[in-house]
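Below, each chain spelled out in residue letters.
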Amino acid sequence: GAGVSQSPSNKVTEKGKDVELRCDPISGHTALYWYRQSLGQGLEFLIYFQGNSAPDKSGLPSDRFSAERTGGSVSTLTIQRTQQEDSAVYLCASSTGRTLSYEQYFGPGTRLTVT
Amino acid sequence: QKEVEQNSGPLSVPEGAIASLNCTYSDRGSQSFFWYRQYSGKSPELIMSIYSNGDKEDGRFTAQLNKASQYVSLLIRDSQPSDSATYLCAVKRYGNNRLAFGKGNQVVVIP
């Protein structure tokens, strides 16, 4: 079946601009996660959505970052007033959300370059 | 102390040999453990999950978990050039939604 999809695959933006990154999880998966991976760094958790519950935003690095998930499916990660340190690969993952089933499946990522 | 630690140096193994990767974690409350494979320029791909102490085998891969010693390992038997990638260890803590990842181990299989 279809995996997690993300768009765009690449995004180049100027410092100070806003960007929106999109994630479409695996059909039927209620849990959705955003991570980012910077050169030489590990994967860093950003935010987690589970069904209709309030999102876990504990990993967002600043108030320039926000995310929403509409209709329990597609999610959008927004970065306002981008900075060069925001350059990274932004990865979305989804899981079933069922108890004792915690495997997360990643999308192909969006490579963000802030110039 | 880092939440999840992996040896940083690349591991070179001849084709057909066993590659052994180790990962330690700091939180005793961790409950779920995963190994991901990441090819250069690609996203992580889940290859193994393990929840209980002991060994879990899937094809040429074996994951080993020892909660008392707080480590999880991955063995790749009969290594193939296509196994050349970075392997990421990930840990989920009880009551926490996210995965914590190690920095990864690069494996190079030499034909």
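Rules used in this analysis
Residues numbered from 1 in each chain as written. Chains lettered and ligands numbered in written order. Predicted model: local features only at pLDDT ≥ 70, side-chain atom pairs only at ≥ 80, totals over all residues. Heavy atoms only, no water. Salt bridge = Lys/Arg side-chain N within 4 Å of Asp/Glu carboxyl O. Helix = DSSP H or I, 4+ residues; strand = E, 2+ residues; numbered from the N terminus. Buried < 20%, exposed > 50% of the residue type's maximum accessible area, 1.4 Å probe, protein only. Contact = heavy atoms within 4.5 Å. Pairing = 2+ DSSP bridges. Axes fitted to C-alpha atoms, helices over the stretch in contact; angles between N-to-C directions. Polar contact = N/O pair within 3.5 Å; in protein donor to acceptor, adjacent residues only side chain to side chain. Disulfide = S-S within 2.5 Å.

Caption draft 1: Main features of the pattern of salt bridges. Residues and elements named next belong to chain B. Enumeration according to the criterion identifies eight salt bridges over all chains in this entry. Between R98 and E3 there is a salt bridge, with its nearest N and O atoms 3.1 Å apart. Separated by 95 residues along the polypeptide, R98 in the loop between β9 (85–93) and β10 (99–101) and E3 in the segment before β1 (4–6) bring together distant segments of the chain. On the basis of relative accessible area, E3 is assigned to the partly exposed category, the value being 23%. Where D27 meets R93, a salt bridge forms, and the shortest distance between an N and an O atom there is 2.6 Å. In this pair, D27 sits in the loop between β3 (19–25) and β4 (30–38) while R93 sits in strand β9, placing the two residues 66 residues apart along the sequence. For R93, a relative accessible area of 27% translates into the label partly exposed. Because the salt bridges share partners, they merge into one network encompassing E3, D27, R93 and R98.

Caption draft 2: Focus on the environment of I47 of chain A. Residues and elements named next belong to chain A. Mapped onto the elements, I47 comes out in strand β5 (residues 43–50). For I47, a relative accessible area of 0% gives the class buried. As for I47 and D18, which are separated by 29 residues in sequence, their C-alpha atoms are 18 Å apart. Those residues in contact with I47 that sit more than four places away from it in its chain are L32, Y33, W34, P55, D56, K57, L60 and A67.

Caption draft 3: Structural context of the sheet that holds strand β6 (residues 65–69) of chain A. Residues and elements named next belong to chain A. The strand order β1-β3-β7-β6 describes an open sheet built from four strands, whose pairing is antiparallel. Here the strands that pair on one side only, and so sit at the sheet edges, are β1 (5–7) and β6. Each strand of the sheet is rotated relative to its neighbour by a mean of 15 degrees, with strand direction disregarded. Pairing between β6 and strand β7 (residues 75–79): five bridges, direction antiparallel. Residue pairing in the sheet places F65 in a bridge with I79 of β7.

Caption draft 4: A look at the side chain of R64 of chain A. All names here are of chain A. In this fold, R64 is placed in the loop between β5 and β6. Here the side chain of R64 touches D86 through a polar contact of 2.8 Å, side chain to side chain. R64 has contacts with T78, I79, Q80, R81, T82, Q83 and D86, leaving out every residue within four places of it along the chain.

Caption draft 5: Here's a closer look at the state of the cysteines. What the rule picks out here adds up to two disulfides over all chains. Linked covalently through their sulfurs, C23 of chain A and C92 of chain A form a disulfide whose S-S length is 1.8 Å. With the S-S dihedral at roughly -65 degrees, the linkage between C23 of chain A and C92 of chain A falls on the left-handed side. One end of the pair, C23 of chain A, is in strand β3 (residues 19–24); the other, C92 of chain A, is in strand β8 (residues 88–95), with 69 residues separating them in the sequence. You can call C92 of chain A buried: its relative accessible area is 0%. The disulfide partner of C23 of chain B is C89 of chain B, and the gap between their sulfur atoms is 2.0 Å. Linking C23 of chain B and C89 of chain B, the disulfide has an S-S dihedral of approximately -70 degrees and is accordingly described as left-handed. Taken together, the positions of C23 of chain B in strand β3 and C89 of chain B in strand β9 put the pair 66 residues apart, joining distant regions of the chain.

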